[in-house]
Amino acid sequence: MREITYRQALNEALAEELERDPDVFLMGEEVAEYNGAYKVSQGLLDRFGPKRIIDTPISENGFAGMGIGAAMVGLRPIVEFMTFSFSLVAFDQVVNNATNMLTMSGGQFNIPITFRGPNGPAHQLGATHSHATECLYANFPGLKVCTPATPRDAKGLLKTAIRDNNPVLVLEAELLYSSKGMVEPPDEDLLIPLGEAEVKREGSDVTIICYAQTVPLALNAAAQLEDEDISAEVIDLRSIKPLDEEAIYKSIAKTHRVVIVEQDRPFCGVGAEVCYRIQKNIFDELDAPVLRVSQEDVPMPYNERLEKAVLPNNDKLIAAVKKVCYA
Amino acid sequence: MQLAERDEVEMLSLMLLVRRFEERASQQYQAQKIGGFCHLYIGQEAVVVGAAAATRHDDYFITAYRDHAHALVKGTSPDACMAELFGKETGCSGGLGGSMHYFDRKNHMYGGHAIVGAHVPLAVGMAFASKYRGEDRVTLCFFGDGAINQGAFHEALNLAALFKLPVLFICENNLFAMGTSVKRSTSLKQIVDRAEGYDIPADIVDGMNFREVRDKISEIVGSIRKEPHAAFIEARTYRYRGHSMSDPASYRTKDELEKYRMDDPIIRLRAQLTREGKLTNEQFDKMDREAKDAAMASVKFAEQSPEPPLEKLYDYTFVDGASA
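Computed from a predicted model, the values in this text were never measured in an experiment. (Residues numbered from 1 in each chain as written. Chains lettered and ligands numbered in written order. Predicted model: local features only at pLDDT ≥ 70, side-chain atom pairs only at ≥ 80, totals over all residues.)

Our focus in this paragraph is the overall build of chain B. Within chain B, the secondary structure is distributed over twelve helices and eight strands. Relative to its length of 324 residues, chain B is compact, with a C-alpha radius of gyration of 19 Å against a globular reference of 20 Å. Projecting the C-alpha coordinates of chain B onto the three principal axes gives extents of approximately 60 × 50 × 40 Å. For chain B, the proportion of contacts with a sequence separation of at least 24, taken over those separated by at least 6, is 76%. (Helix = DSSP H or I, 4+ residues; strand = E, 2+ residues; numbered from the N terminus. Rg over C-alpha atoms; globule rule 2.2 N^0.38 Å. Contact = placed C-beta atoms within 7 Å.)

Spelled out as C-alpha cells, the structure:
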C-alpha cells in the first residue's frame, strides 16, 4: 500500500483499464491535450494517443450519444462529463438511450459504458454547477450509480465500472480530488464490487449512513461524538445503486439508531429511499425515528455564508445524531 | 454501380413486402390487436429499399420510429416484425419494444428510436466504432424532416464531420413533422443546406424513385468506404398515411396526396421494368400475391405466438458479467 490522491487513483484506474483492453477509450471535454479539467486524465494522451484519448467539442448530448452508439457495437467507452451538472444537457441520452436499450431491444443490446466526472456541490459554483445528480440517476432502472469517497474506492470502483457490461455512472467527489489515502500498488488488480457498502468506522450507539463528500464529514463527526461518549458507526454506501441493504440493516441491528447524511436534496433524495427501506424492513430494530441531513430545498446560492447554510455540515449532523440518541 | 436486373425485380418485391406488411399492420391496429403508437411508412418505400440495394448486409442501419420498413429490408422476417407489433415474445425486440423500437442485431438493424433526433448521435458512435476498428462498414442513419431542428442532430453532424466518420445521414423529407409542415418548422429554403453548415457533402434525391436513390447512395457509400467521411442526402418523399394511426392528416389537401400517389415508387419501378421488358404482369402479380401472403401469414404467426413470460420481467434491466 502507498498513499496517493483520489485524482491519482482515478488516473491509475483509467490507465490500467486502457492498457488492459483495446476496446476501452476515453472521451470528453478537455480530457486529452488539456490533460483534464481536474487533471484526472493527466498524461493519458501521451501514453495512449489521440485515437483513444479524445477531446470533444462542448456537446454533452452529442458525445454522450456517440459513446452509447459505440457501446452498442461493442466498444467500451468512458465518457467524462466535466461535471455531472453538465450531464443534465445529455440527460436524454443517458436515461433514454443508455438505460432503456437493453429492454427495448428485448435483451439484444447491452450498453457497456462508463460515465464519470465530478458530482455534487463544490465551493461557491452557484446553482448551475452544484448539482448532486445521484438521486436523479438512481431513479432509472438500468443504471448503476457509485459514489466513491476515498482514493482506494475511487480506483476500485472505476475499474469495476469500466469492465461492467451495463451503463455505470461513477460520480466522483469534486471536493475530494486532492484528498489522500492508502491504495494497493498498481500490480494488484484492485476491483471493488458495485453494490457493496463499507464500514468506514465501527461503533455501537448510532449508525451514520453517508457517501461521497459526506463520508469525511461523517468521520469527523464520529470522532467528535466519541469525545462525548457517543459511539458512531459510519457506513459508506459507496454505491447508490445497487444499494447494499444488508450492510445497512446489519449495522442498525447493532445500533438501533440512524442518521443519513447525504449531499443531495431532501425531496426524493437518496436518503428518502434508504429511510423508506429501513422502516419497511427493520422497523422493530429502531429505537428512534430515522433522521436525514441533506441540502436545504433551495437552488444553491453563490454567497459563501448562504451556501454553507444550504449544505450538510458538522453541526447539523451532530445535532441529528444527538436527537436520535436522545442525548 | 448498376445492379443486375434480377436484383431490381427483387427490390421491387421488397417494396411490395413493406407495403403489404404495413397495410396488414394498419388493419390489425384498427382491429385493436396492436397497442401504442403505429407510424406507417407507406409511400416512402423507395428510400429505404434504394438504400438497401446500395449497401452491404453488414452496413449498419439505424432510424427513428417509422421503422418497420428498415427492419424488413435488413432481413428481419415479417413474422418477427408483426409479432413485435402484437407485443409477443417472438417479436424482433421480444415484444418489449413495440412499433417504435424494432431491433435486430444479427441483421444490423440498430433501432427503432422514438425520441426525435436522439438516435443521430448513436449513429455517429457506431460509425466511430467502425473507424476505430479499421472496418470499411458504413452507417446509414435515417431520420425525418422533423429531426433537423433538434440539438442532438446538430451536435451529431458536427462530431461526424469533425472526426471524419463513415456515416451517411439520410433525411427522409416527407414534408411534415407530425402535422407541422417543413415551411412552418424550418428556417431554411431547403433541408439539404443544413449539411453545408458542417462542411458535409450533401445532395438531394427524388425519394419516390428507387433507381435514383440507389444510384446516389451507391456512389456516396463507395466514396465513404474508400476514405471515411460523413455525407448527407435529403430524400424527398411522401407518406400517404397520417403521422400515426390516429392522425387523419387534415393538415394537407387531397390533391397533394393524389399528386404523390400518381408518383408511387412501386408503380414507377414496375413501369420502368415492364417497359424495359424485365418484368411481366404475371410476375408482378405473383410477387404481389406472395407479399400479401407473407403479411397475412405474419398475422397468424403473431396471433399464435406466446406473450413474453412474466417471470422474465426483471431479466432485461441489466446483463450479468463483465469484460473478461
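Attention now goes to the interface of chain A and chain B. Counting from both sides, the interface comprises 35 residues of chain A and, opposite them, 35 residues of chain B. Contributions of two or more residues to the side of chain A that touches chain B are made by helix 3 (60-72) and helix 5 (91-104) of chain A. Ranked by residue count, the leading element in the side of chain A that touches chain B is helix 3 of chain A, at ten residues. Classifying every residue of the side of chain A that touches chain B gives twelve nonpolar, 18 polar and five charged. (Nonpolar A, V, L, I, M, F, W, Y, C, P; charged D, E, K, R; others polar.)

A word on the packing of helix 2 (residues 45-53) of chain B against helix 9 (residues 210-226) of chain B. Residue and element names in this part refer to chain B. In contact at an axis separation of 8 Å, helix 2 and helix 9 are set at 45° when each is read in the N-to-C sense. Between helix 2 and helix 9, the crossing angle belongs to the class labelled oblique. For helix 2 against helix 9, the interelement crossing comes out right-handed. Within the contact between the two elements, helix 2 uses Ala46, Val47, Val49, Gly50, Ala51 and Ala53 and helix 9 uses Phe210, Val213, Arg214 and Ile217. Residues of the contact of helix 2 with helix 9, tallied by class, amount to eight nonpolar, one polar and one charged. (Axes fitted to C-alpha atoms, helices over the stretch in contact; angles between N-to-C directions. Parallel < 35°, antiparallel > 145°, perpendicular 65-115°, else oblique. Left-handed = near helix turned anticlockwise from the far one by under 90°.)

Turning next to the environment of A:Glu296. Residues and elements named next belong to chain A. Mapped onto the secondary structure, Glu296 falls in the loop between strand 14 (291-293) and helix 11 (304-310). Separated by 32 residues in the primary sequence, Glu296 and Asp264 place their C-alpha atoms 9.0 Å from one another. For Glu296, the contacting residues outside a window of four places in its chain are Ala309 and Val310.

With 17 residues, helix 9 of chain B should cover 24 Å at 1.5 Å per step; its first-to-last C-alpha distance of 24 Å lies within 8% of that length. Taken together, the buried positions of helix 9 of chain B are B:Phe210, B:Val213, B:Arg214, B:Lys216, B:Ile217, B:Ile220, B:Val221 and B:Ile224. (Expected span 1.5 Å × (residues − 1). Buried ≥ 20, exposed ≤ 12 C-beta atoms within 10 Å, placed from the backbone.)

Further remarks concern the sheet that holds strand 1 (residues 60-63) of chain B. All names here are of chain B. Overall, parallel pairing links the six strands, which are arranged 2-1-3-4-8-7 in an open sheet. Either end of the sheet is taken by a strand with one partner, and the two such strands are strand 2 (109-112) and strand 7 (202-206). Direction aside, the axes of adjacent strands within the sheet are offset by 15° on average. Across three bridges, the pairing between strand 1 and strand 3 (residues 139-144) is parallel. Among the inter-strand pairings, Phe61 is bridged to a residue of strand 3, identified as Leu140. Against the sheet, helix 5 (residues 120-132) makes contact with strand 1, strand 2, strand 3 and strand 4 (167-173), and its axis sits at roughly 175° relative to strand 3, the strand it touches most. (Pairing = 2+ DSSP bridges.)

Reports often express the size of an interface as the amount of accessible area lost when the parts come together. Residues and elements named next belong to chain A. Examined at the domain level, chain A breaks down into domain 1 (2-183) and domain 2 (198-324). The C-alpha-based centres of domain 1 and domain 2 are spaced at 26 Å. With 23 residues of domain 1 at the contact, the number on the domain 2 side is 23 residues. Elements represented by at least two residues in the side of domain 1 that touches domain 2 include exactly helix 6 (134-137), strand 6 (144-146), helix 7 (151-163) and strand 7 (168-173). With three residues, the single largest contributor to the side of domain 1 that touches domain 2 is strand 6. (Domains from an automatic or database assignment.)

Our focus in this paragraph is the nonpolar core. The biggest cluster of nonpolar side chains holds 207 residues, and the ones touching the most others in it are A:Ile208, A:Val321 and B:Leu168. Looking at which element gives the most residues to this core, the answer is helix 1 (residues 5-30) of chain B, with ten residues. Both of domain 1 (2-183) and domain 2 (198-324) of chain A provide at least three residues apiece to this core. Discounting chain neighbours no more than four positions away, the residues touching A:Val321 are A:Val206, A:Ile208, A:Ala221, A:Leu225, A:Ile230, A:Ala232 and A:Val259. (Core = buried A, V, L, I, M, F, W, Y, C linked by C-beta atoms within 7 Å.)

All names here are of chain A. Ordered by their spatial adjacency, five strands build an open sheet running 9-11-10-13-14, and the pairing between neighbours is mixed. Two strands close off the open sheet at either side, each with one partner strand: strand 9 (198-201) and strand 14. Averaged over neighbouring strand pairs, the angle between their axes works out to 25° when direction is ignored. Relative to strand 11 (residues 232-236), strand 9 is paired through three bridges, and the arrangement is antiparallel. Each residue of the ladder has a partner; that of Val199, found in strand 11, is Ile235. Here helix 10 (residues 270-282) sits on the sheet in contact with strand 10 (206-210), strand 13 (258-261) and strand 14, set at roughly 160° to strand 13.

Residue and element names in this part refer to chain A. The N-to-C vectors of helix 8 (residues 214-227) and helix 12 (residues 314-324) enclose an angle of 55°; their axes lie 10 Å apart at closest approach. Taken together, the axes of helix 8 and helix 12 lie oblique to each other. For the pair helix 8 and helix 12, the sense of crossing is right-handed. Judged by residue contacts, Leu217, Ala218, Asn220, Ala221, Gln224 and Leu225 of helix 8 engage Asn314, Leu317, Ile318 and Val321 from helix 12.

On to helix 9 (residues 245-255) of chain A. All names here are of chain A. Of all the positions in helix 9, only Ala247, Ile248, Ser251, Ile252 and Thr255 are classed as buried. Take helix 9 and look down its axis: the buried residues cluster within an arc of 125°, on one side only. Of the residues in helix 9, the exposed ones pointing more than 90 degrees away from the buried face are Glu246 and Ala253. His256 occupies a position one or two residues after helix 9 and carries a positive phi of about 65°. (Arc of directions from axis to C-beta.)

All names here are of chain B. In strand 1, alternate side chains face the same way, and those of Tyr60 and Ile62 on one face and Phe61 and Thr63 on the other are all buried. As judged from the two bridges shared by strand 1 and strand 2, these two strands associate in the parallel manner. Among the inter-strand pairings, Phe61 is bridged to a residue of strand 2, identified as Met109.

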